[in-house]
Amino acid sequence: MTLAAAPCRSAALLGPARRLLQRRSIRSSRPVGLEVVSQARKGLSELLSLTKKDEPERPPPLRPGKVSPKLEVPPHIPRPPYADSGMMPDWDPNPQIHDAAGIEKMRAAGRLAAQVLEMAGKMVAPGVTTDEIDKAVHKMIIEAGAYPSPLNYGRFPKSVCTSVNECICHGIPDSRALREGDIINIDVTVYLDGYHGDTSRMFYVGEVSPAARQLCETTKEALNAAIKICGPGVPIKEIGRTIHAIGEKHKYGVVKVFVGHGVGTVFHSWPHVAHHRNNEPGVMQKGMTFTIEPMFTAGKPNERYWADGWTAVTTDGSLSAQWEHTLLVTDNGVEILTAYE
């Protein structure tokens, strides 16, 4: 509820009340000071009541919950190079371009990531903790013979990212229970048969405010619009131009710090897929795989980090939304490798 505007409006109400008092004082000698105060208070009370009804209540600020121990991965499951060391690999400067066999493996990884995300989304409900979602995601991935790519990447302690409300990205699952009206991004990446598939989307916890829903749907619109312009020979920077225009049209903050990326046999590689207007070099090539993952905020797009070094939240506490797909450049466009039903 925004109270800053209330004093200005109440002053406007007092003006007519004073003029009414002046007219009445000519005709009557009755004391009217108390009447003016009463009318002013009534007007202010009605104004505040309308404000409470018209403006959605902002959810309480996120606070870190308890993070449970890291889950184990059976030794027979193939691991990416960072899995045991917890290192943060440098971004590979080369694009991920695949032959026919590699494309089939990318399809399999993308399909599994989409299926896991679909399962995780069905768990979203008031009272469910993000730690419970993490455990279910971990179980489904390892049962498929895959490795949860985020686990121990730069010492990230969990198998999935869960970013609630004002969390822009990289939220660490913990003991916090989801609440009615929350919005949550679930970001799933799997490492299957030597290839990563990466995807995320927004989910609603019960009934959410129209403003929250609009933010989420507009971010999805931006992702879909960017996908439509992709194809061989298209400059990478066109993705950012397309997304930025939609965010600007709806007066949302466009997050610049976090970008999409090449993905395949490595988790992160060239190109850097900026989601704002930019001059990044390079063009899309047939057989290339990469992600697009725009992030919009209801307020300013600036971020701050929690003490865990991963969780990025908006500095002003405004809501944030993100959608992501892994794409394969084809002869005349792109194939969405992480498409869901």
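Residues numbered from 1 in each chain as written. Predicted model: local features only at pLDDT ≥ 70, side-chain atom pairs only at ≥ 80, totals over all residues. Heavy atoms only, no water.

Focus: the confidence of the model for the chain
Piece 1. On average, residues of the chain score 87 in pLDDT, and 83% of them are at 70 or above.
Piece 2. Within the chain, helix α1 (residues 6-27) has the poorest average pLDDT of any element, 30, and strand β1 (residues 147-148) the best, 99.
Piece 3. Low pLDDT (under 50) marks residues 1-38, which in the prediction has 21 contacts with non-local residues, meaning those over four places away or in another chain. (pLDDT = per-residue confidence, 0-100. Helix = DSSP H or I, 4+ residues; strand = E, 2+ residues; numbered from the N terminus. Contact = heavy atoms within 4.5 Å.)

A look at the sheet that holds strand β11 (residues 303-305)
Piece 1. If you walk across this open sheet you meet the three strands as β3-β12-β11, and the pairing is antiparallel. Looking at which strands have only one partner, the edges of the open sheet turn out to be β3 (167-169) and β11. Along the sheet, successive strands turn relative to each other by an average axial angle of 45°, direction set aside.
Piece 2. Direction of pairing for β11 relative to strand β12 (residues 312-314): antiparallel, over a ladder of three bridges. Counted as the bridge partner of Glu 303 is Thr 314 from β12. (Pairing = 2+ DSSP bridges. Axes fitted to C-alpha atoms, helices over the stretch in contact; angles between N-to-C directions.)

A few points about the sheet that holds strand β13 (residues 320-322)
Piece 1. Spatial strand order, β6-β10-β13: three strands in an open sheet with antiparallel pairing. Pairing within the sheet leaves two strands with one partner each, and these edge strands are β6 (253-254) and β13.
Piece 2. Looking at chain direction, strand β10 (residues 295-297) and β13 are connected through three bridges and run antiparallel. Across the sheet, the residue bridging to Met 295 is Gln 322, located in β13.

Here we look at the pattern of salt bridges
Piece 1. By the definition in use, this model includes 13 salt bridges.
Piece 2. The salt bridge partner of Lys 105 is Asp 193, with a shortest N-O separation of 3.8 Å. Of this pair, Lys 105 sits in helix α3 (residues 100-123) while Asp 193 sits in the loop between β4 (183-192) and β5 (195-204), and the two are 88 residues apart along the sequence.
Piece 3. According to the relative accessible area criterion, Asp 193 is partly exposed, its value standing at 48%.
Piece 4. The residue Arg 241 makes a salt bridge to Glu 238 at a minimum N-O spacing of 2.8 Å. Of this pair, Arg 241 and Glu 238 both sit in helix α6 (residues 237-249), three residues apart, which is roughly one turn of that helix. (Salt bridge = Lys/Arg side-chain N within 4 Å of Asp/Glu carboxyl O. Buried < 20%, exposed > 50% of the residue type's maximum accessible area, 1.4 Å probe, protein only.)

Here we look at the pairing of strand β8 (residues 269-273)
Piece 1. Here β8 lies mainly inside the structure; four of its five residues are buried.
Piece 2. The hairpin formed by strand β7 (residues 260-262) and β8 contains six residues between the paired strands.

Observations concerning the packing of helix α5 (residues 210-228) against α6
Piece 1. Running from N to C, α5 and α6 point in directions that differ by 150°, and their axes come no closer than 9 Å. The angle between α5 and α6 places the two elements in the roughly antiparallel class. Seen from above, α5 lies across α6 with right-handed handedness. Between α5 and α6, the residues in contact are Thr 218, Glu 221, Ala 222, Ala 225 and Ala 226 and Ile 239, Thr 242, Ile 243 and Ile 246, respectively.
Piece 2. Residues that form the contact of α5 with α6 fall into these classes: six nonpolar, two polar and one charged. (Parallel < 35°, antiparallel > 145°, perpendicular 65-115°, else oblique. Left-handed = near helix turned anticlockwise from the far one by under 90°. Nonpolar A, V, L, I, M, F, W, Y, C, P; charged D, E, K, R; others polar.)

Re the environment of Val 73
Piece 1. Structurally, Val 73 can be placed in the loop between α2 (33-54) and α3.
Piece 2. Look at Val 73 and you get buried, because its relative accessible area is 9%.
Piece 3. The sequence separation of Val 73 and Tyr 147 amounts to 74 residues, and the corresponding C-alpha distance is 7.3 Å.
Piece 4. Aside from chain neighbours lying at most four places away, what touches Val 73 is Arg 79, His 138, Ile 142, Tyr 147, Pro 148 and Leu 151.

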